[in-house]
Amino acid sequence: MGVTLDEPQNYITTKLRQAVNWGRKYSLWPMPFGTACCAIEFMGVVSSFTDISRFGAELVRFSPRQSDLLIVAGTISYKQAPILKLVYEQMAEPKWVIAMGVCASSGGFYNNYGTVQGIDTLIPTDMYVAGCPPTPENLLHALVQLQEQIDREGIEAVKEKRRVPSSA
Amino acid sequence: MSRRALEHIASEIGADVVETSDELGDASVTVRPSALHRTLEFCRDDPRLRCDLLLDVIGVDYPDRAERFDVIYSMRSLSTGERVRVKTRVADGEPVSTASDLWNSANWAEREVYDLYGVPFSDHPDLRRILTHHEFKGHALRKDYPIEKGQMCYVPEKLLTDEEIRFGPQLYGRTMDRSDAVVEEEEISSDYLTVNLGPSHPATHGALRIEALLDGETIIHSKSEIGYLHRCFEKESEDHTWQQIIPYTDRLNYVSALTNNVGYVLAVEKMMAIEVPERCQTIRVLVAELGRIMDHLVCVGTNLVDIGALTNFWYFFNAREHLYTVVERMCGERLTTSYTRIGGLYRDLYEGFEDELRHSLGKVEEAIGEVTALVQRNRIFMDRAVGIGAISQEDAINWGWTGPCLRATGVDYDVRKASPYGGYETYDFDIPVGENGDVYDRVLCRIEEMYQSIGIVNQAMDRLKPGPIFSEDRRVTMPPKDEVYNSIEGMMNHFKLVFEGIQVPAGEGYGFSEGANGELGFFIVSDGSGNPYRIKVRPPCFPIFSSFTELVKGHMVSDAIATLGGLNIIAGELDR
Ligand code: SF4
């Protein structure tokens, strides 16, 4: 084949961290944890009008074992809470979490006996997306910001364990 | 009509009748707890009443009363059109005899009353909590339960008992022929596989959970669980003013928020006897039908994805995006619209609305045409859908089904025709019905309904004439600004509406409309203050989903998925 490694023009030099992060940030495999209205808007994000594949994150997996980005789209009730934790724990490192919509971020306008007041009381969260539901553009913005964040991160195989709030 | 129904009941039940009323045209009768079962059975079987559809079981809490709880059975007859509510009053802890032997739909509805109010039902086959989790203490809808008191759940509930798993073959029989298998009897139980679906599963489209016992790939026995999206609509509504509840109604069936908005304000306006201007009525019909189209687009699209036909989903979702554009310009939101107000609408349509809508509807029709061409005679689709998840008319009614799922069995019950509201009687449209009540019929019924809805929207657009969109009734509508500034009455009126909110006269009533999934009802109790005393939603998919385990018994897992998609279970409405 054409590429021989002895030719000097066939090398590029880069930092290992950058090369790895470049791969990671452009091939996020999201797992939508869709429970409510926001999940319908998530369908809008993946369908062809706004098309999440432009950002390299279109490979939606429904198994936590195969994905590295958990998008929590919708209200989390106390009944659902242990399941969300379980799903998060099943994901392999490195992994990131986006809270899509105000319900996932803070409970939103449901402040009552059934609704968890924000998923960050259960699992570590990287991005919060405002809106009820957020527009597709809003979610894409969060995705781009997450990619920037990934770019700045280290490449240790297992990310430094962030402390899960003790109330959970 | 309701007078006569009350007379029939009174003459049959006699001295056990405590009270009767026919407020707002619905017959309502209060009986002693001991006579409840007898009364219900009479209402169901008497040829003059024939209340074959049990819509809902409702609890209401009056903490100051010795007989603290009202338990209300709300029924409708499909043949006579009669609506009857039977009510009984019980003290805390006093059991009510179950009606689940009369209607299957009573099973889950009574569980809900038990869960949220703690009213026990004697002889109920499966009295467990349903909306709150199994570690929950107390009963959330009692007036003395604080709204913000959340309780953590640490371990997900097990649905199938050890007993059921271990003795599955003996309990439920076997489906596969094992005559040539060389296994000892004791070992057979290990042949049964327990599979858990949900509550985070792509095919459940939201938060439902099903645990099934499988023999090979056949479902022998299953149990379903809901409540994973219980956002306490009913508790929240007791905590808000009447207008503030409208945003919460968006999030019931969030796929067709517009239709819910309309349903809720109609129910409140019925309680207050408010007439809205003609333009407002026409716009409401128009947006309610838009909501129905948007709902069916998602439902049919996702149902087809579950069967493996992904392309159709893209076609439908693009069509939906076209409608989103119009809806967003109309009210500022794509999904959660909050477009109606009690007595009117949030705002009038924008300029150029009709042209844009006609363009979008053209795109929708195109998409429907394409999808129909792809699936209607498609061999794979037919193999997956014909005869799957079928239900008979009698069973469907007994389980409390309404809406497109019921119509797919051939029953032509549609609230828009059976008890027209908001001017539907003046529109020209048909009610599509199926024959077999299977997945195939449900899909085709919904597709045809979309065409009918497009027809209604077009008729509504032709009728739109300029005019006011708010009722003149000062109990609900703000006075014009110059009245507020220049007259004391105007200022008082404005002040009271802002600070105290709308005051619905004391009483109770049931307002209902045809939601995207079936009869969407709001049972309202008002004590005359600015907040509702009780609002009970009658969500169409709650009774439908309660029959799911029966529907899939003996079917393959993949058929269960196809069935579930066709029922259009929306968790927001199911769990409220
Ligand atoms: S943030 Fe709003 S749209 Fe999203 S799940 Fe919550 S209520 Fe629904």
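Please read all numbers here as calculations on a predicted model, not as lab measurements.

About the thresholds
- Residues numbered from 1 in each chain as written.
- Chains lettered and ligands numbered in written order.
- Predicted model: local features only at pLDDT ≥ 70, side-chain atom pairs only at ≥ 80, totals over all residues.
- Heavy atoms only, no water.
- Helix = DSSP H or I, 4+ residues; strand = E, 2+ residues; numbered from the N terminus.
- Rg over C-alpha atoms; globule rule 2.2 N^0.38 Å.
- Buried < 20%, exposed > 50% of the residue type's maximum accessible area, 1.4 Å probe, protein only.
- Areas by Shrake-Rupley, 256 points an atom, 1.4 Å probe, with all protein chains shown as cover.
- Lys, Arg positive; Asp, Glu negative; His and termini not counted.
- Charge placed at Lys NZ, Arg CZ, Asp CG, Glu CD.
- Pairing = 2+ DSSP bridges.
- Axes fitted to C-alpha atoms, helices over the stretch in contact; angles between N-to-C directions.
- Contact = heavy atoms within 4.5 Å.
- Near = heavy atom within 4 Å.
- Nonpolar A, V, L, I, M, F, W, Y, C, P; charged D, E, K, R; others polar.
- pLDDT = per-residue confidence, 0-100.
- Polar contact = N/O pair within 3.5 Å; in protein donor to acceptor, adjacent residues only side chain to side chain.
- Buried area = accessible area lost by both parts, 1.4 Å probe.
- Salt bridge = Lys/Arg side-chain N within 4 Å of Asp/Glu carboxyl O.
- Patch = residues over 30% accessible without salt bridge, like charges linked within 9 Å, V, L, I, M, F, W, Y side chains within 5 Å.
- Parallel < 35°, antiparallel > 145°, perpendicular 65-115°, else oblique.
- Left-handed = near helix turned anticlockwise from the far one by under 90°.
- Domains from an automatic or database assignment.

Visitor: It is not clear to me how the overall build of chain B should be interpreted in this structure. Could you clarify?
Guide: Each helix and strand in chain B was counted, giving 22 helices and 15 strands. Taking 2.2 N^0.38 as the reference for a compact globule, 576 residues should give roughly 25 Å; the C-alpha atoms of chain B span a radius of gyration of 24 Å, in line with that estimate. When its C-alpha atoms are laid out on the principal axes, chain B stretches across 95 × 60 × 50 Å. The buried share among the 576 residues of chain B stands at 60%. When the accessible surface of chain B is summed, it comes to about 21100 Å², and 50% of that surface belongs to carbon and sulfur atoms. Taking the 60 positively charged and 93 negatively charged side chains of chain B as two groups, their mean positions are separated by 3 Å.

Visitor: Just to check I follow, could you spell out the sheet that holds strand E4 (residues 69-76) of chain B for this structure?
Guide: As a general point, the strands of a sheet are linked pairwise by backbone hydrogen bonds and lie either parallel or antiparallel. Residues and elements named next belong to chain B. Taken in spatial order, the five strands line up as E1-E2-E5-E4-E3 in an open sheet, and their pairing is mixed. One side of each edge strand has no neighbouring strand; the edge strands of this open sheet are strand E1 (17-21) and strand E3 (53-61). Here the average twist between neighbouring strands, direction ignored, is 20°. Bridge count between E3 and E4: eight bridges; the pairing is antiparallel. In the sheet register, Gly 59 faces E4, and the bridge partner there is Val 71. Seen against the sheet, helix H1 (residues 2-13) touches E1, strand E2 (27-31) and strand E5 (83-90) and runs at an angle of roughly 20° to E2. Across the face of the sheet, helix H2 (residues 36-45) comes into contact with E2, E4 and E5 while running at roughly 175° to E5.

Visitor: Would you explain the site of the ligand in this entry?
Guide: Lining the immediate environment of the ligand, one finds 14 residues, of which Cys37(A), Cys38(A), Cys103(A), Cys132(A) and Arg251(B) sit closest. Neighbouring residues of the ligand are not confined to one chain but are distributed across chains A and B. For the shell around the ligand, the elements supplying multiple residues, two or more each, are helix H2 (37-46) and helix H4 (101-106) of chain A. Tallying contributions element by element places H4(A) first for the shell around the ligand, with three residues. Residue composition of the shell around the ligand, grouped by class: eight nonpolar, four polar and two charged.

Visitor: Please explain the confidence of the model for chain A as it appears in this structure.
Guide: Parts of the prediction with low pLDDT should not have their coordinates interpreted in detail. The share of residues in chain A with pLDDT of 70 or more is 89%, and the mean pLDDT across the chain is 83. Low pLDDT, under 50, characterises residues 163-168 of chain A; the stretch is placed with eight contacts to residues that sit more than four places away or in other chains.

Visitor: What is the right way to read the side chain of Glu211(B) from this model?
Guide: All names here are of chain B. As for its placement among the helices and strands, Glu 211 is situated in strand E9 (residues 209-215). Among the polar contacts listed, one links the side chain of Glu 211 to the side chain of Arg 209, at a separation of 2.9 Å. For Glu 211, the residues in contact, after removing those within four places along its chain, are Leu 159, Leu 160, Thr 194, Val 195, Asn 196, His 221, Ser 222 and Lys 223.

Visitor: Please explain the interface of chain B and chain A as it appears in this structure.
Guide: Size of an interface, as often reported, equals the accessible area lost when the parts are brought together. Tallying the contact residues gives 52 residues for chain B and 34 residues for chain A. Across the interface of chain B and chain A, roughly 3800 Å² is buried in total on both sides, 66% from carbon and sulfur atoms. When residues of chain B are sorted by the area they lose upon contact with chain A, Met152(B), Tyr228(B) and Arg231(B) head the list and together hold 15% of the total. With its nearest N and O atoms 2.5 Å apart, the salt bridge here joins Glu41(A) to Arg334(B). At the boundary of chain B and chain A, one finds 16 residue pairs in polar contact (both at pLDDT 80 or more). If you list the elements that add at least two residues to the side of chain B that touches chain A, you get helix H6 (233-238), helix H7 (246-250) and helix H10 (310-331) of chain B. A per-element tally of the side of chain B that touches chain A places H10(B) first, with eight residues. Considering only residue class, the side of chain B that touches chain A consists of 29 nonpolar, 12 polar and 11 charged.

Visitor: Got a minute to help me understand a nonpolar patch on the surface in this structure?
Guide: Residues and elements named next belong to chain B. Taken together, Met 478, Phe 495, Val 498 and Phe 499 make up a surface patch of nonpolar side chains, about 430 Å² in accessible area. With respect to the element layout, Phe 495 can be found in helix H18 (residues 488-499). Residue classification places Phe 495 among the partly exposed positions, given a relative accessible area of 44%.

Visitor: Explanation requested: the sheet that holds strand E1 (residues 30-34) of chain A in the structure shown.
Guide: Residues and elements named next belong to chain A. With parallel pairing, the four strands of this open sheet are ordered in space as E1-E2-E3-E4. Either end of the sheet is taken by a strand with one partner, and the two such strands are E1 and strand E4 (127-129). Averaged over all pairs of adjacent strands, the angle between strand axes in this sheet comes to 20°, irrespective of strand direction. Looking at chain direction, strand E2 (residues 69-73) and strand E3 (residues 96-100) are connected through five bridges and run parallel.

Visitor: When you look at helix H3 (residues 81-90) of chain A in this model, what are you seeing that I'm missing?
Guide: In an α-helix, one turn spans 3.6 residues, which is why side chains three or four residues apart end up on the same side. By the burial criterion, the buried members of H3(A) are Ala81(A), Pro82(A), Ile83(A), Leu84(A), Val87(A) and Tyr88(A). Looking at the buried positions of H3(A), the neighbouring elements they touch are E1, E2 and E3 of chain A.

Visitor: What am I meant to see in the packing of helix H9 (residues 278-307) of chain B against helix H11 (residues 353-375) of chain B here?
Guide: A pair of packed helices is captured by two measures, namely the crossing angle of their axes and the spacing between those axes. Residue and element names in this part refer to chain B. Remark: H9 packs on H11, axes separated minimally by 12 Å, with the N-to-C direction vectors making an angle of 30°. Here H9 is positioned roughly parallel relative to H11, judged by the angle of their axes. The chirality of how H9 crosses H11 is left-handed. Residue-level contacts link Leu 286, Leu 290, Ile 293, Leu 297 and Leu 304 of H9 to Phe 353, Leu 357, Leu 361, Val 364, Val 371 and Val 375 of H11. Tallied by class, residues from the contact of H9 with H11 come to 11 nonpolar, no polar and no charged.

Visitor: I would appreciate a short explanation of the side chain of Ser513(B) in the present structure.
Guide: Within the element layout of this structure, Ser513(B) appears in strand E13 (residues 507-514). Contact partners of Ser513(B), with chain neighbours within four places excluded, come to Gly263(B), Val415(B), Tyr421(B), Gly518(B), Glu519(B) and Leu520(B).

Visitor: Looking at this structure, I do not really get the domain arrangement of chain B. What am I missing?
Guide: Residue and element names in this part refer to chain B. Segmentation of chain B into domains returns domain 1 (2-122) and domain 2 (233-538). Domain 1 and domain 2 are separated by 28 Å when their C-alpha centres are compared. Listed by partner, the interface residues are 28 residues for domain 1 and 26 residues for domain 2. Overall, the association of domain 1 and domain 2 removes approximately 2200 Å² of surface from exposure, summing both partners, and the carbon and sulfur fraction of that is 53%. For domain 1, the biggest contributors to the area lost against domain 2 are Leu 24, Leu 78 and Asn 104; these three give 22% of the whole. Where domain 1 packs against domain 2, one counts five salt bridges. With a shortest N-O distance of 3.0 Å, Asp 56 and Lys 536 are connected by a salt bridge. Elements supplying a minimum of two residues to the side of domain 1 that touches domain 2: E3, E4, E5 and helix H3 (106-117). Sort the elements by how many residues they give to the side of domain 1 that touches domain 2 and E3 lands first, with nine residues. In terms of residue class, the side of domain 1 that touches domain 2 is made up of 14 nonpolar, four polar and 10 charged.

Visitor: Any chance you could explain the pairing of E9(B) here in plain terms?
Guide: The side chains of a regular strand alternate, residue by residue, between the two faces of the sheet. Residues and elements named next belong to chain B. With seven of its seven residues buried, E9 lies for the most part within the structure. Every second residue of E9 is oriented toward a common face, with Arg 209, Glu 211, Leu 213 and Asp 215 on one face and Ile 210, Ala 212 and Leu 214 on the other, all of them buried. As paired strands, strand E8 (residues 192-197) and E9 are joined by six bridges and run antiparallel to one another. Looking at the pairing, Tyr 192 lines up with Asp 215 of E9. Of the strand pairs in this sheet, E9 and strand E10 (residues 218-225) are connected by seven bridges, and their pairing is antiparallel. The residue of E10 that forms the bridge with Leu 213 is His 221.

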